[in-house]
Amino acid sequence: MLVLKFGGSSVGSPQAIERIIAILKDKDHAGKTPAVVVSAFSGVTDALIDTARRAVAGDSSYTGIVRNLEKRHKTTAGAFLKGEERKKAAAGIKNSLSELGRILDGVALLGELSERTMDLVMSFGERLSAELLARIFTAAGIEAAFLDARPLIKTDGRFGNAQYLPKETFDNIRAFFARPPGKKTPLRVVTGFIGSTLEGQTVTLGRGGSDLSAAIFGAALGVREVEIWTDVDGILTADPKLVKTAFRISEMSYAEAMEISHFGAKVLFPPTVKPALEQGVPIRIRNTFNPACEGTRIVAEAADRTYPIRGISSINHIALLRIQGGGMVGVAGFSARVFGALARKGISVILITQSSSEYSISFAVLPNEAGRAEAALEEEFEREIRSGSIEKPVAEKDLSIIAVVGSRMKHTSGNSGKFFHALGRNGVNVAAIAQGSSELNISAVISRQDEGKALNAVHEAFFLAGVRSVNLFLMGTGLIGGTLLDQIAGHREILADKDKIRIRLVGAANSRRMIFRREGMDPKKVKALLSGDRAGSDAAVEPLNLQSFIKKMVSLNLPNTCFCDCTADDEISAAYGEIMRQSIPIVTPNKRANSGSLEYYQKLTSYSRERGIPYLYETTVCAGLPVISTLRDLFLSGDRVRRIEAVLSGTLSFIFNNFDGSKTFSALVREARVKGYTEPDPRDDLNAMDAARKALILARECGLSLEFANVDIEPILPEACFKAKDVDSFFNELEKSDAHFEKLRTEAAKKGMALRYTAVIEEGAARLSLGPEPGDSPFRSLVDSDNIVVITTDRYSKLPMVIKGPGAGAQVTAGGIFADIVRIARTLV
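Computed from a predicted model, the values in this text were never measured in an experiment.

The rules behind each value
- Residue numbers restart at each chain and count upward from 1, following the sequence in its written direction.
- In keeping with the predicted nature of the model, local features appear solely for residues at pLDDT of at least 70, side-chain atom pairs appear and are counted solely at 80 or more, and the whole-chain, interface and lining totals rest on all residues.
- The side-chain figures draw on all heavy atoms in the structure; neither hydrogens nor water molecules are used.
- The pairing test for Phe, Tyr and Trp rings, Trp by its six-membered ring, is centres within 6.5 Å, and the orientation test on the planes gives stacked under 30 degrees, edge-to-face over 60, and tilted for anything in between.
- Helix and strand definitions follow DSSP, with helices as H or I runs of at least four residues and strands as E runs of at least two, each counted in order from the N terminus.
- For the exposure calls, accessible area comes from a 1.4 Å probe over protein chains only, and a residue counts as buried if that area is under 20% of its type's maximum, exposed if over 50%, partly exposed in between.
- Working definition: a disulfide is two cysteine sulfur atoms within 2.5 Å of each other.
- Nonpolar cores were defined as sets of buried Ala, Val, Leu, Ile, Met, Phe, Trp, Tyr and Cys residues, with membership established by side-chain atoms within 4.5 Å.
- Every residue pair with non-hydrogen atoms within 4.5 Å of one another is taken to be in contact.
- Take a side-chain nitrogen of Lys or Arg and a carboxyl oxygen of Asp or Glu: if they are within 4 Å of each other, that pair is a salt bridge.

How two aromatic rings sit relative to each other is set out by the distance from centre to centre and by the angle between their planes. Inspection of the entire model under this criterion finds 21 aromatic pairs. Ring geometry for Phe549 against Phe563: centres 6.2 Å apart, planes inclined by 70°, an arrangement best described as edge-to-face. Residue Phe549 is found in helix α17 (residues 546-556), and its partner Phe563 is found in strand β22 (residues 561-565); the two are separated by 14 residues along the sequence. Residue Phe549 shares its accessibility class with Phe563, and that shared class is buried.

Laid out in structure tokens, this is it:
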């Protein structure tokens, strides 16, 4: 036999009821179901509470709510019943609501609403639902009869959250369902949520108590399984509203179900599990709207599975109270006084943690009970507080609890480390920790605003361990940023399938606009969206404001966030510190931060190192060449850099690589400009400032404490070239210098040498200069706009390390940035 329970969403509309009828008629349930427990129609219980509160407040509008309830139930009856049956159903609905009206009139007249009366008012939801559904099922060809559970389920007198009495209740149910051999009995449609005291007073079993009603009937009748039908496919690994990658748990133990439901899983009411556990009756959570899904089965001992945990749950809003002081240490019975004081006030404690020194006790309660809890403790410890032996209790609000649950944790090492690492690397601060001796769950109290981010981070760590994701925010969609978008678009599917790395572009900005979409955007369409073409997009486009961009990125509070700056903007680089303080990694080709003040460079790099927040800037020097990472590896492995020689400018490399006498110097500069190797004004490259910034970055990576002013820069061009009023005037002046450059070239050529503009970092100094290089110099092997870095170290002394290749260009620079973003993903594990 089976006992089924259908919740409010499952009975909330005629379409939903049609689905219930189909379920009851299918081969798995027809003739095998002695009882179906039902909730009130969706929203009805809340409406009944509202009527009572309005009535006690003297607000006569409660009568309108009662009329709406009557209309809704009669409309549902009309969708299934005809003729005499419809009239009988309408009369029954009217009689029930007339009784409700009289009770509410009494409440309004007396101006008093007791817990007992509130329970009686709330009971009408299930009573209306069950009686009407029994008629509808019968009309659909399923012989059914209404069963008011109040005479059968007996409870104590705790109105609002009554505790059932097992012996009396089970005896009543078994006696009621006992039948002579061979006699067919109708399907009983049972009121969930309600029972009665031994004196016959109506009580409720607490919100969600219909689940408990079903478990009680199933346990009493010893059925094969209790099926709880709701609007989800079962218990999921996390709340799907907050964690989009959550998936169904096929089977779990009673103990795991108790834990996961206690910590916020809304699918199951925590006390439900107890009667089933005691009688060994499995519970299955199923979806009324997807009956083909097998749901989640809850049993005494669940089968092992691949993952070390079953699921992750959370309580969205709690308050954490702390009481501490030297007067607690070594005092027997102190904890008993704390929790006894709370119990006397009827305050339920969700989580408890105590320091091993016995100096403090912290516990979590619901926010609306925090004030009462504080008052209870101040009253209990008035003398100790007055004497100063303990401090006044302190309450922290706007907190959440996140918990990982699973029986396998006891036999699997590293779960705590994985849990707290996932929180820590996403900047989620933990206010309190609790773990039971059974090791069935690990709980952490965190800021309420971090709940979604924490759930996603922990879920990815435990259930998607092979998958790493990055939520990317891109600043700058020009040549480099636009090329990066193209590369991400072209490679992200391969990256996801082959390497299990998912890059989700959540935010982007150009020089005028910014755009955000929490679910991610197609990189191919971002530039068009920022240009104003929003066809078919729901992404939010706004005028660019750097602080607003950062604020939005922080407020979305996504796990594994990465900020990528593809600009050369000073204002943006000045915000890196603010971004890193939010535990957001940074990837950038922007040289401004690392070649600015030494203090700022050291602040960023030390913050990254100490807090474990990635700050990756490989492409600030030589585009995609692995120069900075190589220097870092040499340093970390104990080697010491003695000397660096380098050609760091692609523009200057092209000019001097091709300055062989076949063309004048000015003609080569013009050619470089036409090919896009220079800025629109070539002086921005020929002033060697860009190369000097790169040299400064390399010097700092070698541990030198240099400011930009300490870099010795030999000018390439005469002063007159820099003073020219525009680009045309500049070239006129440059042509006047062709003879000077030709003379330098000729003198070098006579000695078998060629001119190169190189940077040298040695003995605590950095210098850039133009000079002749012999035929065997590595700088003579350069082609086109190649860069080269020659590194001499203690280990690489006789034969220096050489890193050579394209040091400029959109494709190689964007490729280096892309590699750093992927590196971020690999770091976030």
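So, next bit.
This part covers the state of the cysteines. For the structure shown, the criterion picks out 0 disulfides. For the unlinked cysteine Cys622, the closest cysteine sulfur is that of Cys702, found at 13 Å. Classification of Cys622 by relative accessible area gives buried; the value is 0%.

What follows covers the nonpolar core. Ranked by size, the top nonpolar core spans 80 residues in total, and within it Phe563, Leu648 and Phe665 carry the most contacts. With 7 residues, the top contributor of residues to this core is helix α25 (residues 689-701). When sequence neighbours within four positions are dropped, the list of residues in contact with Phe665 reads Ile655, Phe656, Phe659, Ile716, Leu717, Leu734, Asp738 and Phe741. Residues Leu24, Ala52, Ile93 and Ile194 belong to the second largest nonpolar core, which totals 51 residues.

This structure, assessed with the given rule, holds 41 salt bridges. Residue Arg297 pairs with Glu225 through a salt bridge whose shortest N-O separation is 2.9 Å. One end of the pair, Arg297, is in strand β11 (residues 296-299); the other, Glu225, is in strand β8 (residues 225-230), with 72 residues separating them in the sequence. Overall, the relative accessible area of 26% leaves Arg297 in the partly exposed class. For Glu225, a relative accessible area of 4% translates into the label buried. Here Glu671 and Lys675 are joined by a salt bridge, their closest N and O atoms 3.3 Å apart. Overall, Lys675 belongs to the partly exposed group, its relative accessible area being 48%. Residues joined by salt bridges that share partners form a network here, namely Glu225, Glu251, Arg284 and Arg297.

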